Amino acid sequence: MSFHIMGTGSALPRRSVTNDELSAFLETDDEWITTRTGIKSRPVCTTETLDDLAAEAARRALEAAGVTAAELDYIICTTCSAERVTPAEACVVQQAIGATCPAFDVNGACAGYVFALDVADGLFCAGRAERILVVSAEKMSRMADWTDRAICVLFGDGAAATVLGRGGDSPLYLRTTTEGDADVIHSWAPAGNSPFDEVGAARLGEDGTFMQMRGREVFKFAVTHIVSELQLMEKRTGVALSDVDHFVFHQANKRIIDAGVERLGLDPSRVIVTIDHTANVSSACIPLSLDTLARDDALKPGDLVALFGFGSGLVTGTCLLRWQPALA
Ligand code: UT7
């Protein structure tokens, strides 16, 4: 238990693409997308870059926290869809906001935000930081094949950030898991042109660099783990799920959230749903929901907030936070 969230911020692209717009060039329709996923529209980059969104989300979180860029000890970005292989997106954010601290990326796919909290917790516990900025920034529209209706309708672009300060009750619980499976959701990096590499280009095969996913398998993994991980959290912390004020889940499919709510007997009014207008923004989903709750004034000091993310890896991340933004 080492930190508290001091402030949140987010930034979405100006352009929001509706289901009807997609059906103009794909064999899909609003009814299928809405009933199978809960998505009505998704934010998609047009003139903005991921760097713009990440930096803007960071500035807003710093402003909300009352912290300057110079006061940061680390910047951790979570992303699986950065526009560069190197440098890390966190380095770009560091430059854009005028910070001077170390900055690095974490790729925990859609659970990346919880993985970043895990790393931050370690840095706080080791006494190596007073303030850490976590920025989750994803340009999923770059990874999606826009001719593949099974993939492109599901994703969106955006960034969300939180400033963490040392001291506080959080995390009351944090657990990350990985069940190594590099196939079920994957996206290859571009092949190089090494004349010696006998597998690189061939490996890309028909997939190219676009995201590939076996959706039904991921669906089952998500529903199974949302239930088992939250039950484990309840058992290990002694905090009943009925005492948790807000559930912030990864927004991959409204049906996954609904199945978790039903199987765990959760009060749906305590479960935030943004997927209708954000779609799946990978690791940015959870902090984006936190920022939505914070800006709607829905988070009261002392509130218990449970986070659950899952995704490519296959990974999960579960965390229980106490909301105490006023703590200095
Ligand atoms: O954050 C990363 C983690 N990703 C996820 O969590 C995704 C988890 N999986 C899912 O959310 C769901 O499996 C999907 C939304 C991806 C797919 O929904 P589904 O109910 O599992 O559909 P399905 O893949 O079983 O496909 C059913 C049918 C197929 O047609 P046939 O074979 O039955 O004729 C698909 O070709 O729906 C078809 N289909 C579509 N039809 C209209 C797939 N995509 C579309 C579409 N519009 N966009």
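Residues numbered from 1 in each chain as written. Predicted model: local features only at pLDDT ≥ 70, side-chain atom pairs only at ≥ 80, totals over all residues. Heavy atoms only, no water.

Student: Explanation requested: the overall build of the chain in the structure shown.
Tutor: Each helix and strand counted, the chain has twelve helices and 13 strands in total. For the chain, whose C-alpha radius of gyration is 19 Å, the value lies close to the compact-globule estimate of 20 Å for 328 residues. For the chain, the spread of C-alpha atoms along the three principal axes comes to 50 × 45 × 35 Å. Per-residue burial for the chain yields a buried fraction of 54% across its 328 residues. A separation threshold of at least 6 residues defines the contact pool for the chain, and within that pool the share at least 24 residues apart is 77%. Both charge centroids of the chain, one from 28 positive and one from 44 negative side chains, sit 2 Å from each other. (Helix = DSSP H or I, 4+ residues; strand = E, 2+ residues; numbered from the N terminus. Rg over C-alpha atoms; globule rule 2.2 N^0.38 Å. Buried < 20%, exposed > 50% of the residue type's maximum accessible area, 1.4 Å probe, protein only. Contact = heavy atoms within 4.5 Å. Lys, Arg positive; Asp, Glu negative; His and termini not counted. Charge placed at Lys NZ, Arg CZ, Asp CG, Glu CD.)

Student: I would appreciate a short explanation of the site of the ligand in the present structure.
Tutor: Close to the ligand lie 23 residues; Thr28, Arg36, Arg216, Asn253 and Asn280 are nearest. A distance of 3.0 Å is found between a nitrogen atom of the ligand and a backbone nitrogen or oxygen belonging to Gly215. Between the ligand and Arg216 there is a distance of 2.5 Å, counted from an oxygen atom to a side-chain nitrogen or oxygen. A total of 950 Å² of accessible area belongs to the ligand in isolation, and the protein chains cover 75% of it. At the level of secondary structure, the elements contributing two or more residues to the shell around the ligand comprise helix 2 (30–37), helix 7 (149–152), helix 9 (215–237) and helix 10 (254–264). Ranked by residues supplied to the shell around the ligand, first place goes to helix 9 with four residues. Partitioning the shell around the ligand into residue classes produces twelve nonpolar, six polar and five charged. (Near = heavy atom within 4 Å. Polar contact = N/O pair within 3.5 Å; in protein donor to acceptor, adjacent residues only side chain to side chain. Areas by Shrake-Rupley, 256 points an atom, 1.4 Å probe, with all protein chains shown as cover. Nonpolar A, V, L, I, M, F, W, Y, C, P; charged D, E, K, R; others polar.)

Student: I tried to follow a positive patch on the surface on my own but got confused; where do I start?
Tutor: A cluster of basic residues, Arg36, Arg216, Lys220 and Arg255, forms a positive patch at the surface. Within the element layout of this structure, Arg216 appears in helix 9. (Patch = residues over 30% accessible without salt bridge, like charges linked within 9 Å, V, L, I, M, F, W, Y side chains within 5 Å. Salt bridge = Lys/Arg side-chain N within 4 Å of Asp/Glu carboxyl O.)

Student: Can you help me understand the sheet that holds strand 4 (residues 74–78) in this one?
Tutor: Adjacent strands of a sheet pair through backbone hydrogen bonds, lying either parallel or antiparallel. Overall, mixed pairing links the five strands, which are arranged 1-7-6-4-5 in an open sheet. In the strand order of this sheet, the two ends are held by strand 1 (3–11) and strand 5 (103–106), each with one partner. Mean inter-strand twist for the sheet, computed between neighbouring axes without regard to direction, equals 20°. Bridge count between strand 1 and strand 7 (residues 157–166): eight bridges; the pairing is antiparallel. For Phe3, the partnering residue across the bridge sits in strand 7 and is Arg166. Here helix 4 (residues 89–97) sits on the sheet and contacts strand 4, strand 5 and strand 6 (131–139); the angle it forms with strand 4, its principal contact strand, is near 130°. (Pairing = 2+ DSSP bridges. Axes fitted to C-alpha atoms, helices over the stretch in contact; angles between N-to-C directions.)

Student: So what exactly am I meant to see when it comes to the packing of aromatic side chains here?
Tutor: Two measures describe an aromatic ring pair: the distance that separates the ring centres and the angle between the ring planes. The tally for this structure, following the rule as stated, stands at four aromatic pairs. A ring pair is formed by Phe247 and Phe249, whose centres lie 5.9 Å apart and whose planes are at 45°; its orientation type is tilted. A relative accessible area of 1% means that Phe247 is categorised as buried. (Phe/Tyr/Trp six-rings, centres within 6.5 Å; stacked < 30°, edge-to-face > 60°.)

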